[in-house]
Amino acid sequence: MISVADRLHTVEEYYFSRKLKEVNLLKEHGKPIINLGIGSPDLQPPSRVVSAIVDSMHDATAHKYQSYQGLPELRQAMADFYKKHFSVSLSPKTEILPLMGSKEGIMHISMAFLNEGDGVLIPNPGYPTYTSVTKLVGATPLFYDLKEKNNWLPDFVELEKTHDLSKVKIMWINYPHMPTGTVAPNKFYEDVIEFAKRHNILVVNDNPYSFILNQFPRSILKYKNAKDHCLELNSLSKTFNMAGWRVGMVMGKSEYLDSIIKVKSNMDSGMFYGIQKGAIEALNCSDIWYLSLNSVYEKRRTLVWELAEALNCTYDKNATGMFVWAKLPEFVKSEEFIDTVLKNDSIFIAPGTIFGSNGEGYIRFSLCAETEEIEEAIARVK
Ligand SMILES: Cc1ncc(COP(=O)(O)O)c(C=O)c1O
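Residues numbered from 1 in each chain as written. Predicted model: local features only at pLDDT ≥ 70, side-chain atom pairs only at ≥ 80, totals over all residues. Heavy atoms only, no water.

K.L.:
Got a minute to help me understand unusual backbone geometry in this structure?
P.N.:
Glycine aside, a negative phi is what most residues show, and trans is what most peptide bonds show. Here the amide bond leading from Asn 124 into Pro 125 is cis, since omega sits at 5°, within 30 degrees of zero. Within the fold, Pro 125 resides in the loop between strand S3 (119-124) and helix H5 (129-136). Cis rather than trans, the peptide bond between Tyr 175 and Pro 176 has omega equal to -5°. Along the polypeptide, Pro 176 turns up in the loop between strand S5 (168-173) and helix H7 (186-199). Located in the positive-phi region is Asn 151, a residue other than glycine, with phi close to 55°. Along the chain, Asn 151 turns up in the loop between strand S4 (140-145) and helix H6 (156-162). Backbone geometry places Asn 225, a non-glycine residue, at a positive phi of 65°. (Helix = DSSP H or I, 4+ residues; strand = E, 2+ residues; numbered from the N terminus.)

K.L.:
Help me understand the packing of aromatic side chains, please; the structure alone is not making it clear to me.
P.N.:
Applying the stated criterion to the full structure yields 26 aromatic pairs. Ring centres 6.3 Å apart and planes at 55° place the aromatic pair Tyr 14 and Phe 16 in the tilted group. Tyr 14 sits in the partly exposed class, given a relative accessible area of 30%. In this arrangement the basic side chain of Lys 103 is found over the ring face of Tyr 14, its NZ or CZ atom lying 4.6 Å from the centre. The ring of Phe 323 carries the charged tip of Arg 364 above its face, separated from the ring centre by 3.7 Å. (Phe/Tyr/Trp six-rings, centres within 6.5 Å; stacked < 30°, edge-to-face > 60°. Buried < 20%, exposed > 50% of the residue type's maximum accessible area, 1.4 Å probe, protein only. Lys NZ or Arg CZ within 6 Å of the ring centre and 35° of its normal.)

K.L.:
Would you mind showing me how to read the sheet that holds strand S6 (residues 202-206) here?
P.N.:
Two strands in a sheet stick together by hydrogen bonds in their backbones, pointing the same way (parallel) or opposite ways (antiparallel). Ordered in space as S2-S8-S7-S6-S5-S3-S4, the seven strands form an open sheet in which the pairing is mixed. Each edge of the open sheet is held by one strand with a lone partner, namely strand S2 (96-99) and S4. Strand-to-strand, the axes of this sheet are offset by a mean angle of 25°, without reference to chain direction. Where S2 meets strand S8 (residues 248-251), four bridges bridge the pair, whose relative direction is antiparallel. Bridging across to S8, Pro 98 finds its partner in Met 249. Contacts from helix H4 (residues 102-113) reach S2, S5, S6, strand S7 (230-235) and S8 within the one sheet, and its direction differs from that of S7 by about 155°. (Pairing = 2+ DSSP bridges. Axes fitted to C-alpha atoms, helices over the stretch in contact; angles between N-to-C directions. Contact = heavy atoms within 4.5 Å.)

K.L.:
Help me understand the sheet that holds strand S1 (residues 34-36) in this model?
P.N.:
On the basis of which strands lie adjacent, the open sheet formed by five strands has the order S1-S11-S12-S10-S9 and mixed pairing. One side of each edge strand has no neighbouring strand; the edge strands of this open sheet are S1 and strand S9 (314-315). Against the sheet, helix H1 (residues 15-28) touches S1, strand S11 (347-351) and strand S12 (362-366), its axis set at about 160° to S11.

Now the structure itself:
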């Protein structure tokens, strides 16, 4: 038996990978499971996206290796998208790099900028991949608190008091925030850029939820001096229901992107041509797309609020995104609670603790289920 690399002992199998095995086993035993756990969009992408990939199959260059930086038309579409929706001007030649999903970008950025022993500021609660990738590259996660009493925003004064920031190289931020759905105000972006400047930190804003039930999409790159210290990740997974296509992008200063390309060009050989063609169509969608997508999520969210109330939870009606983050009654533990609901009502909900210790006492409902399923869940709980 060949022993595995030491780095493998720093991470565990992804929570959903483990838990879904259990959930699927219950299904096989005939349990009528309603899955409100995972955020995988169940709706279809725009039809023009599907036509574009189908039509592209007979193009002469469709099946070749593709450029490491993506088609120029794709980078142009990404630049136009950022200009239209965020009022951010980016050079399609030097300031945009298409990715196979933003998740791979987290690894590429970490490999490009972190040495063993460097510190990485990670939100608690936050997307678990920031932590596992940090550990896989031998860097050290330093968690910063997000608390409901601070509207799930970091307290920079506290952070500077309580953390040794001398070795910190990267700070992950993610607004609109997953799992809480918090939207950050303008002041937060100004403050985080100042903080990054003071401590010479690269701030990466992971921004895949801007267009889901959110009226004010914001990019960190719009703020003064952002390009010196910040990168932004975005993704087509949630905005266009294209999670399985694996299309994302990283944007920022060309010198930073050159370093990321050094890693990425050694790991893959370009994104499939047809996927790029479909992505261009998605990025060029008119406002009607966003309205119709959000009208579906709005109906689902109203029902999930009802479900949360039926489970004696409270929630914030101003939160955005593809999830409802709900607070359990006092002293109730997240994992025990979701296990009980899974056992008694065959409803799978994500426990807040998978996003960090500050998620204790909370649960996360996904809006990626049809209204009929959510109605059925309400009926079971009531
Ligand atoms: C906060 C956050 N960042 C990144 C991702 C990864 O998205 P992608 O499909 O673009 O890799 C997710 C996916 O769930 C997410 O929740």
